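A look at the structure
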Amino acid sequence: MQKEGERLIPINIVDEMKSSYIDYSMSVIVSRALPDVRDGLKPVHRRVLYGMYGLGVFSNRKYLKSARIVGDVLGKYHPHGDSSVYDAMVRMAQPWSLRYPQVDGQGNFGSMDGDPPAAMRYTEARLKKISDDILADLDKETVDFQNNFDDSLQEPTVMPTKIPNLLVNGTSGIAVGMATNMAPHNLSESVDAITAYIDNKDITIDELMQHIVAPDFPTGGIIYGYDGVRDAFHTGRGRVVLRAKVSFEEIGNRNAIIVTEIPYQVNKAEMIARTAELVKDEKIPGIYEIRDESDRNGLRVVYELKNDAIPNVVLNLLYKYTSLQTSFSVNNIALVHGRPEQLNLKDIIHHFVEHRHEVVIRRTQFELRKAKERAHILEGFMKVIGTQDSLDKAISIIRHSANPQAAKEGLIQEFDLSELQAQAILDLRLARLTGMELDKIRDEYDAIMKEIQNLEDILANESRRFEIIKEELLEVKEKYGDERRTEIDYSGGEMSIEDIIPNESVVLTISHAGYIKRTLLSEYKIQSRGGVGNRAATTRDEDFLEYIVSATNHQYMLFFTEKGRCYWLRVFEIPEGSKTAKGRAVQNLINIEPDDKIKAYIRTNNLKDSEYVNQMSVVMVTKNGTIKKTSLEAYSRPRVNGVNAIEIRDNDQLLSAYLTNGTSEIMIATKNGKCIRFPEEKVREVGRGSIGVRGIMMEDNDEVIGMIVVNDVENETVLVVSEKGYGKRTAVEDYRITNRGGKGVITLNITEKTGNLIAIQNVTDEDGLMIINKSGVAIRMNMDEMRVMGRNTQGVRMINLKKNDEIAAIAKVAMDKDVEEDLEENGEGVDVPAENGNPELNATPQLNNNSENDTPAEDAENSDSEE
């Protein structure tokens, strides 16, 4: 209830929340989570150091109870929980957390296994010697001070540090809407880089990197690859890959992997426990036993291997699946003049040097003022006690004065002194009035005058100030500098499992029901046209092989479903099986929806190659004749649950997808024997979520059965196949070029004897053809056995079908003749199903190691069969 005299002010709660949250977030950013670029300290760390400075627990003093230190910091400067102060102080004392610890802890301060430190009442601490140089000259007005939380005391806003703390120790923190994660570096290298910057302010970051080559982590390890380091130094952001330092030993009759250094911020106990789980789940085969043999002399983790295990293979699996390899994501955000900024290496060095320059100026001004004050006092001494007469006169004035004030006034009038000089005379001990002491005063005055001259020269001469900064940095390097702990593997890069998978040529088969496997090429035999064929795969009832593609283990497969989704797999991730094995259900490998089905695929090279993915396009066609072209770059970021490749409307489904280079020709065929040909440029490139445009106009009872991409009009011919085993080859020129969206021309004269058209493919005489029927029988034939004929004809019988059997799919095969002859002489045969698209666009498996250009073409049957 409102009291008399009170006034209520209505406030919009939305505005109040906005204002309050902004105030809160700025408080977190400035007063808690981010370090100052000058001293590299957050407020809590600065207060811990200043609290210990106030308690006098320097490196040459005895240890003090941690609880006493924490209490002092809490009571005077840091009005937060005691655990926040103690945890900060503990981390400042841990040699595995800070590259150069600032607190010297005595007692249990935790371990690399994640063990918590003892309670603060049990532990003791004092400053490390390096902290003396962080706090050096704090009493010489070198930095600004501010009131503490209750305005009862003053605390420094920044430390006048001689140590480039932000560089050498790094930091991490999460604010509101931003975070920082800065890597530690070697002190000696950092000093070298800073002195190089002082010598040449226009030095480039690359030149600085000749001195400070990479982060240097307290736990050692190996930096694997240099790209992330380069990015971090140049932009302030980068991903540094870290590996454990390992060696191989023989223990008894077994090989063993010995880990002596682990990546930064890895919990050793958790790493070992996680590895044991992976071994138990058979994710990492070959490990017999894991032991932690670490002691006070150093870290040692032993992975003892089984007798048949290959150490390098097991090691690479450990790198891939465990914390023996991690990454440190550098994000250099620090407060510059109270504002958060992203900083590169040169920025950090620049701001540190500017801070040291200001500290040197303020220190010199302080020392100059003190020197002048002392010189002023010494001048008064020499006026009064410079001769015996003046000394006697001064003594007489003091003796005959009624009180000290009168004596002071008498001295001022008699000797023309200032009040300070007169007071200093009155404060003199009698021993200072001897002749020997007078000589000392004169010597001290001469020295002070030289010092004043020197200090004034420093303030007038900027180059001298920077020389002083350099000298002090070199002293720091001499006192605290050490060797690098973290090695650099410049030849390294992103480690992946393909490092241990042989890059073999394989055949991938996918059945109509969605079973997939990869098989070695030598599983297939060559037969002549008209043969009965041999059984290619064991399938379930009413299942049949629908897709066949050749690839190498290290390539990528993009799977497109009839609902327009795209999924990724590396070829080596597809389970291996014999020719007669049915394979694994594709739903077990990719997160495809239960009612969806793979209808097309593309095999690509490295999706991380930006030039490659931006040059290539994916062209797709649907059953209702919609065509769409999208840059391959849109599909270069794999996701576990796939991405939308094309918007599919009601009663439609995706049929085919091809990789193109922008200069191809598109041909689309329909079930009723129509085909249209138009340049790829007629289809403009659109985004991944778009629906596409009309590719061909069809009658109501017609639908698209496939699409081909033609790149060599003169040498390629168009092969069409009907479901009852008829097919023919026709020259591409027989199909006139039209605009996209036309009705097309007849490509096969459809009759009851031929059945509907089921496949279209572009072939040359050098190609082979694999025909798969619905009963699972595969037959291989060479295309030079099939003559080129007119467009509007029935074609010839290509395969003898039993009873009601029909053709399910065709696959184009490219084979080097010399390889075929060699294999046939040895009683072997190879049928290589080729890939989807243009052989010149993809690096396909090399079937002849002596020729870099003999590559199988791609398979176009991806979805050319009717369900």
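Residues numbered from 1 in each chain as written. Predicted model: local features only at pLDDT ≥ 70, side-chain atom pairs only at ≥ 80, totals over all residues. Heavy atoms only, no water.

1. Regarding the overall build of the protein
Within the protein, the secondary structure is distributed over 19 helices and 41 strands. Considering only residue pairs separated by 6 or more positions, the protein has 72% of its internal contacts joining residues 24 or more positions apart. Of the roughly 39,800 Å² of accessible surface on the protein, 45% is carried by carbon and sulfur atoms. (Helix = DSSP H or I, 4+ residues; strand = E, 2+ residues; numbered from the N terminus. Contact = heavy atoms within 4.5 Å. Areas by Shrake-Rupley, 256 points an atom, 1.4 Å probe, with all protein chains shown as cover.)

2. Quick look at the confidence of the model for the protein
For the protein, the average pLDDT comes to 83, and 88% of its residues sit at 70 or higher. Scored below 50 in pLDDT, residues 814-867 makes 187 contacts in the model with residues more than four places away or belonging to other chains. (pLDDT = per-residue confidence, 0-100.)

3. A look at the sheet that holds strand β32 (residues 693-694)
One open sheet accounts for four strands, arranged β29-β26-β27-β32; its pairing is antiparallel. The outermost strands of the open sheet, each flanked by one partner alone, are β29 (654-660) and β32. Relative to β29, strand β26 (residues 617-622) is paired through six bridges, and the arrangement is antiparallel. Its bridge partner being in β29, T622 is matched across the sheet by L654. (Pairing = 2+ DSSP bridges.)

4. Quick word on the pattern of salt bridges
Considering all chains together, one arrives at 42 salt bridges under this definition. With a shortest N-O distance of 3.0 Å, R362 and D144 are connected by a salt bridge. Of this pair, R362 sits in helix α12 (residues 345-385) while D144 sits in the loop between α5 (129-134) and β4 (145-147), and the two are 218 residues apart along the sequence. Judged by its relative accessible area of 44%, D144 is partly exposed. The partner of K393 in a salt bridge is E414, and the shortest N-O contact between them spans 3.3 Å. Taken together, the positions of K393 in helix α13 (residues 388-399) and E414 in helix α14 (residues 404-415) put the pair 21 residues apart, joining distant regions of the chain. (Salt bridge = Lys/Arg side-chain N within 4 Å of Asp/Glu carboxyl O. Buried < 20%, exposed > 50% of the residue type's maximum accessible area, 1.4 Å probe, protein only.)

5. What about the UniProt feature "active site" (unreviewed entry) in the protein?
As annotated by UniProt and renumbered to match this structure, "active site" (unreviewed entry) occupies Y122. The topology assignment puts Y122 in the loop between β2 (103-106) and β3 (124-127). (UniProt positions renumbered as here; feature names shortened; annotations may be inferred.)

6. Overview of the nonpolar core
Residues I349 and F381 are the most contacted members of the largest nonpolar core, which totals 105 residues. Counting residues per element, this core draws most heavily on α12, which supplies 14 residues. Setting aside chain neighbours within four positions, we find F381 in contact with G386, A424, I425, L428 and I441. Within the second largest apolar cluster, 28 residues are counted, among which are V683, V704, L748 and L757. (Core = buried A, V, L, I, M, F, W, Y, C linked by side-chain atoms within 4.5 Å.)

7. With respect to the side chain of E665
Tracing the chain through its elements places E665 in strand β30 (residues 665-670). Of the residues examined, E665 reaches a relative accessible area of 14% and is grouped as buried. Only 2.7 Å separates the side chain of E665 from the side chain of R677, close enough to count as a polar contact. Leaving out residues up to four positions away in the same chain, E665 has contacts with R677, F678, P679, E680, I708, V709, V710, V713, V732 and I737. (Polar contact = N/O pair within 3.5 Å; in protein donor to acceptor, adjacent residues only side chain to side chain.)

8. A look at unusual backbone geometry
Positive phi, normally seen in glycine, also occurs at H337, with a value near 55°. Residue placement: H337 occurs in the loop between β15 (333-336) and β16 (339-342).

9. Details of the pairing of strand β9 (residues 237-243)
Taken across its seven residues, β9 has five buried, putting it largely inside the fold. Here two bridges tie strand β8 (residues 222-224) to β9, and the two strands are oriented antiparallel to one another. Directly across from I222, in β9, lies its bridge partner R243. Bridge count for β9 against strand β14 (residues 325-331) is seven bridges, and the pairing is antiparallel. Across the sheet, the residue bridging to R239 is S329, located in β14.

10. Description of the pairing of strand β37 (residues 757-763)
Among the seven residues of β37, seven are classified as buried, and the element is accordingly described as predominantly covered. In this structure, strand β34 (residues 717-722) lies alongside β37, joined through six bridges in antiparallel fashion. Directly across from V718, in β37, lies its bridge partner N762.

11. Overview of the side chain of N267
Position of N267 among the secondary structure elements: in the loop between β11 (254-261) and α10 (268-280). At 3.2 Å, the side chain of N267 and the backbone oxygen of D113 are in polar contact. Of note is the side chain of N267, whose polar atom sits 3.1 Å from the backbone nitrogen of A269.

12. So, the sheet that holds strand β12 (residues 287-292)
The strand order β10-β11-β13-β12 describes an open sheet built from four strands, whose pairing is antiparallel. This sheet does not close on itself; its edge strands, each paired only once, are β10 (245-251) and β12. Averaged over all neighbouring strand pairs, the angle between strand axes comes to 20°, with direction disregarded. Note that β11 and strand β13 (residues 301-305) share four bridges and pair antiparallel. (Axes fitted to C-alpha atoms, helices over the stretch in contact; angles between N-to-C directions.)

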